[in-house]
Amino acid sequence: HHKGSRFVNFQLRMAHRPALGPIDAQLTWQGKVFSADALLEGLDKIKDEVAKTNILNKAYIPILQGISPGEIQSARNALKFAETLVTEWLAKYKFKDWNSHSTTGAAVTPEEKTKRAEEIGVALRDHGKWLTHGRSLKIQDLRGLRLKITDYSENPDLNDAITRYYTLLQMTFASNVYKVVETSASQIYRFLLPQGPTESPKQAKTEGKAIVEVQCLKCNTTHKIQANIGKTHPLEPGCIAFPTDNKLNCTKCGNLLDLLELRRQLEGQAKGKVVSELQA
């Protein structure tokens, strides 16, 4: 994105299904999930009707009896919280380098940044505008809010890199990996292993080794296992060396844990062999 713009910049490609959505807060009441904005708007309409007619429609009485003042305030707080998060983030980070107006060259004040961020926050939380919380906002929707959009598909090199990465992620999720968290320095995977006792391990990958948490489904004891990738490393505190035969007896109940599928996953992700022997 371009930080020097007065507008918010988002990179979207609808073919890959990332999208922005409305930030109208959702509430759960009597087993139903609905918009806080819709609740308050409905109450305002009832108030307006009573003000005009001096009569409260009897159909509204059961509804009003089921809503406490505290719940109404909670709805207001939820809306304000969502709007505040967006406003503060935009003003502090996205508008950090917006220092001058593109039309006049005049300096941008902190108050102007806040005002512009508030306008965006109010628009994104407006349930009456978007009608449903689950709606994906398209590029033209956002540009209608005077948001500047960077469509990365217009950049061949960037589009190719993101498309390749997206494809790799899709292939990863086609396996028994169901969650991936990545930073520039590490990867964390969540697996579901098909062989009973080794279900739900967590891998924290580092250079040359992986620390894996494997839970025994019989007694729920968690074992921290160190898998050395390609070369040996000293055993980390609290870790068990990855067994050469891929078999691990639970330290609490003795249940046999089969780690063969885990070994295959680790070696596939790391593109290297798990070395069981440790340095002296």
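Everything in this summary refers to the structure shown in the same document. This one's a predicted model, so the numbers in the text were calculated from it and none came from an experiment.

## Some points on the pairing of strand 9 (residues 222-229)
Then, number 1: The element strand 9 is extensively covered by neighbouring structure, given that 6 of its 8 residues are classed as buried.
Then, number 2: Examined bridge by bridge, strand 8 (residues 209-215) and strand 9 share 7 bridges and lie antiparallel to one another. Residue pairing across strands places valine 214 opposite histidine 223, the latter belonging to strand 9.
Then, number 3: Two successive antiparallel strands, strand 8 and strand 9, enclose a turn made up of 6 residues, where asparagine 220 displays a positive phi of approximately 70°.
Then, number 4: Pairing geometry for strand 9 and strand 10 (residues 240-241), over 2 bridges, is parallel.

## Description of the packing of helix 3 (residues 69-94) against helix 4 (residues 110-125)
Then, number 1: Axis separation between helix 3 and helix 4 bottoms out at 8 Å; the angle between their running directions is 140°. The pairing of helix 3 with helix 4 is recorded here as oblique in orientation. As for how helix 3 packs across helix 4, the hand of that crossing is right-handed. Contacts between helix 3 and helix 4 pair Leu79, Glu83, Val86, Thr87, Leu90 and Ala91 from the former with Lys113, Thr114, Ala117, Glu118, Ile120, Gly121, Val122 and Arg125 from the latter.
Then, number 2: Its residues assigned to classes, the contact of helix 3 with helix 4 comprises 7 nonpolar, 3 polar and 4 charged.

## What about helix 7 (residues 156-173)?
Side chains of residues three or four places apart in an α-helix project in the same direction, reflecting 3.6 residues per turn.
Then, number 1: A rise of 1.5 Å per residue sets the reference length of helix 7, with its 18 residues, at 26 Å; its end C-alpha atoms lie 26 Å apart and thus fit the reference within 8%.
Then, number 2: One side-chain oxygen at the N-terminal end of helix 7 lies 3.2 Å from the backbone nitrogen of aspartate 157; it belongs to asparagine 155.

Conventions adopted
- Residues numbered from 1 in each chain as written.
- Predicted model: local features only at pLDDT ≥ 70, side-chain atom pairs only at ≥ 80, totals over all residues.
- Heavy atoms only, no water.
- Buried < 20%, exposed > 50% of the residue type's maximum accessible area, 1.4 Å probe, protein only.
- Helix = DSSP H or I, 4+ residues; strand = E, 2+ residues; numbered from the N terminus.
- Pairing = 2+ DSSP bridges.
- Axes fitted to C-alpha atoms, helices over the stretch in contact; angles between N-to-C directions.
- Parallel < 35°, antiparallel > 145°, perpendicular 65-115°, else oblique.
- Left-handed = near helix turned anticlockwise from the far one by under 90°.
- Contact = heavy atoms within 4.5 Å.
- Nonpolar A, V, L, I, M, F, W, Y, C, P; charged D, E, K, R; others polar.
- Expected span 1.5 Å × (residues − 1).
- Polar contact = N/O pair within 3.5 Å; in protein donor to acceptor, adjacent residues only side chain to side chain.

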